Amino acid sequence: MEPKVSLEEGWNILEDLTRNADQFQQNLLEEILTKNAGTEYLKSFLDGHADKDLFRKNVPITNYDGIKPYIERIVVNGEPSDILLAEPIIGITLSSGTSAGQPKMIPLTARELDRRTYCRCLLSSVINKYVDGLDDGKAMYLLFVKPEIKTPSSLMARPVLTSYYKSSNFKNRPFNRFNVYTGPDETILCSDSKQSMYCQLLCGLVQREEVLRVGAVFASAFLRAIKFLEDYWKELCSNIRTGHLSDWITDPSCRKVVSLILRKPNSELAELIEHECSTKSWEGIIKKLWPRTKYIEVIVTECYFGINFKPLSNPSDVSYTLVPNMAYFEFLPLKQNHEDATQDVQCNGVCKESCLEEETEKEDVETVDLVDEKLGQYYELVVTTFTGLYRYRVGDILMVTGFHNNAPQFRFVHRRNVVLSIDTHKTNEEDLLKAVTKAKLLVESLGFLLIEYTSYADTSSIPGHYVLFWELTNKESNYLPVIDSKIMEQCCSTVEESLDSVYRRCRDI
């Protein structure tokens, strides 16, 4: 269940957490070790002891490959979860990153779900410090579930947010006047993304006078919604004018709840929306359609463990404060290879790997605790959780930009080993190389050789896609004839098919 916390209580909790960050961190690590010291994984390093110094000395810093065998034993073979973590597993969360072309599988427990829910609850306390009157209306948040799979051990594997939306924590959440959505839960939980988008937009338009904020979890999802509105506004207006939901909306739960909101014909509202949407320019369309909107809320840079204490900052200035009771945090120090490295660092963009060099290449280097970071320093995030992640390298490269009380604030710099990223999808260099290697066989059979390639993520269209440039040469001579476009299209299809399911799903949206 989502906890009932007043705005003042929530803010006081955050202030206490950040003032006493080190104490919360040490208490959390002690609790994690006490609960999990007897697991097969930790016992191999700690011999059953829950000693924090021994933990830092003996337990290695690892990545997904280090815990993957244990997770596969649980998920595939059905072995007890206590080989890795003490708490019972209620499901598997699928990360946006991949391992050998497949989403990484991270155990989910009831306690971890409660922890995430609690953190989400505290967010209202932050935004209400900056924006008044949010309890006097509704939020048009466009939220979606994504496909899930049933593992051989019968555990359901879902993306992180889908796990939350399908949990009792979300479905049975207590009423909170600061988080009333225009879209009923049934429209959010609809597995058909097109029907879900249509119904949520329709509900938002019908309740336009009550909407105080609009948004989606990620900026890319909100941009897709605007593009969808451009394509379907005429049909949406027709539904509002007639009071009848389009017949192609076949999800019974959606039809029932949306019909209750649609209620009766409203030609006046339909004409108003038609007038605004039929103009040549859509500049300012949000305020025109939802005139009481105070702000748009989206995530531009990811930070699962953190809170933005300055939510109205420009996207390029966003920094996150890691919440000290969400996980035990350590940091691997990084250093710049040259003075101009900061010029290559972009918000949610690319930082050349050559700009940052691990100090961990030195022998006996120690990680840094949460409260011991230095302003302007770069670090790689390492976490320990109740869900089987022990000294786990998340892959996020962060830079310290300041402090909130005693807790450091970080700017997300880039994700290690990610060469391409669109929406929630991340493609590393190894997976891209495998896809290109498979596709180039099509041109090699015609006598061509792939000499070099480069790529970038094109988000100018919706959905976004990857663009690859190939440098080809002729095996037999310097003459390079024009290659049939159908062959190159086949190469593109082969690359897409070779990338993981997350990319293909994003392309299908």
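Whatever comes next refers back to the structure up there.
Reading the values: rules and limits
- Per-chain numbering applies: the sequence of each chain, read as written, is numbered from 1 onward.
- Selection of residues for local features in this predicted model requires a pLDDT of at least 70, selection of side-chain atom pairs for listing and counting requires 80 or more, and totals for whole chains, interfaces and linings are taken over all residues.
- Remark: hydrogens and water are excluded; side-chain values derive from all non-hydrogen atoms of the structure.
- We place a 1 Å grid over just the protein atoms. Points where a 1.4 Å probe fits but has no way out form a cavity, open points with protein on both sides within 12 Å along at least 5 of 7 lines form a pocket, and any residue with an atom within 4 Å of a point lines it.
- Grid points are joined across faces, edges and corners, and a volume is the space filled by probe spheres set on the points.
- In DSSP terms, a helix is any run of H or I states spanning at least four residues, a strand is any run of E spanning at least two, and both are numbered starting from the N terminus.
- Polar contacts, as used here, are pairs of N or O atoms within 3.5 Å; protein pairs need one atom able to donate a hydrogen and one able to accept it. Residues neighboring in sequence count only if both atoms are side-chain atoms.
- Residue contacts are defined here by distance: any two heavy atoms, one from each residue, within 4.5 Å place the two residues in contact.
- Accessibility here uses a 1.4 Å probe with only protein chains present; expressed as a share of the type maximum, an area under 20% marks a residue as buried, one over 50% as exposed, and anything in between as partly exposed.
- Think of it this way: DSSP has to see at least two bridges between two strands before they count as a pair.
- Axes, fitted as lines to C-alpha atoms, cover a helix only where it is in contact. Angles between the N-to-C directions of the axes lie from 0 to 180 degrees.
- Every angle not falling under 35 degrees, over 145, or within 65 to 115 is termed oblique; those three ranges are roughly parallel, roughly antiparallel and roughly perpendicular.
- Less than a right angle of anticlockwise turn of the near helix away from the far helix marks a crossing as left-handed, whereas a clockwise turn marks it as right-handed.
- Polar here means any residue outside two lists: the nonpolar Ala, Val, Leu, Ile, Met, Phe, Trp, Tyr, Cys and Pro, and the charged Asp, Glu, Lys and Arg; Gly therefore counts as polar.

*Asks:* For empty space enclosed by the protein, give the residues involved together with the corresponding values.
*Replies:* Scanning the model with the defined rule gives one cavity of 30 Å³ or more in all. Roughly 30 Å³ of volume is contained in the largest cavity. For the largest cavity, the full set of lining residues is Met140, Leu142, Leu201, Phe222, Ala225, Ile226, Leu229, Ile286 and Trp290. Elements supplying a minimum of two residues to the lining of the largest cavity: β3 (138-142) and α11 (219-242). Considering every element that reaches the lining of the largest cavity, the biggest residue donor is α11, with four residues.

*Asks:* Mind laying out the side chain of arginine 391, listing which residues take part and the relevant values?
*Replies:* In this fold, arginine 391 is placed in the loop between β13 (378-384) and β14 (392-404). At a separation of 3.4 Å, a polar atom in the side chain of arginine 391 contacts the side chain of threonine 367. Not counting the four nearest positions on each side in its chain, arginine 391 is found in contact with Phe55, Arg56, Val59, Pro60, Ile61, Thr62, Glu330, Thr367, Val382, Val383 and Thr384.

*Asks:* Can you break down the environment of threonine 117 residue by residue, with the values?
*Replies:* By the element assignment, threonine 117 lies in helix α6 (residues 110-127). Accessibility expressed as a relative area gives 0% for threonine 117, which makes it buried. C-alpha of threonine 117 to C-alpha of asparagine 169: the two residues are 52 residues apart in sequence and 7.1 Å apart in space.

*Asks:* Give a detailed account of the sheet that holds strand β6 (residues 211-218), specifying residues and quantitative values.
*Replies:* Read from one edge to the other, the open sheet built from three strands follows the order β3-β6-β7, with strand pairing classed as parallel. Since the sheet does not close on itself, it has two edges, and those belong to β3 and β7 (295-299), each with one partner. Each neighbouring strand pair of the sheet contributes to a mean axis angle of 20°, computed without reference to strand direction. In this sheet, β6 lies alongside β3 in parallel orientation, the contact comprising five bridges. Its bridge partner being in β6, lysine 138 is matched across the sheet by valine 211. Against the sheet, α11 touches β3, β6 and β7, its axis set at about 120° to β6.

*Asks:* Any details on the pairing of β3? Residues and values, ideally.
*Replies:* For β3, a buried count of five out of five residues is recorded, marking the element as mostly surrounded by other parts of the structure. Side chains of β3 alternate between two faces, with Lys138, Met140 and Leu142 and Ala139 and Tyr141 buried alike.

*Asks:* Break down unusual backbone geometry for me, with residues and values.
*Replies:* Positive phi, normally seen in glycine, also occurs at arginine 263, with a value near 55°. Tracing the chain through its elements places arginine 263 in the loop between α12 (252-262) and α13 (267-277). Taking relative accessible area as the criterion, arginine 263 reaches 65% and is therefore assigned exposed. A positive phi angle is found at arginine 391, which is not glycine, with a value near 55°. Since its relative accessible area comes to 5%, arginine 391 is described here as buried.

*Asks:* Kindly report on the packing of helix α10 (residues 193-206) against α11, identifying the contributing residues and their values.
*Replies:* Closest axis-to-axis distance for the α10/α11 pair is 9 Å, and the angle between their directions is 65°. Classified by the interaxial angle, the pair formed by α10 and α11 is roughly perpendicular. The element α10 and its partner α11 pack so that their crossing is right-handed. The segment α10 lies against α11, with Lys194, Met197, Tyr198, Leu201, Leu202, Leu205 and Val206 engaging Arg224, Ala225, Phe228, Leu229, Tyr232, Glu235, Leu236, Asn239 and Ile240. For the contact of α10 with α11, a count of residues per class yields 12 nonpolar, one polar and three charged.

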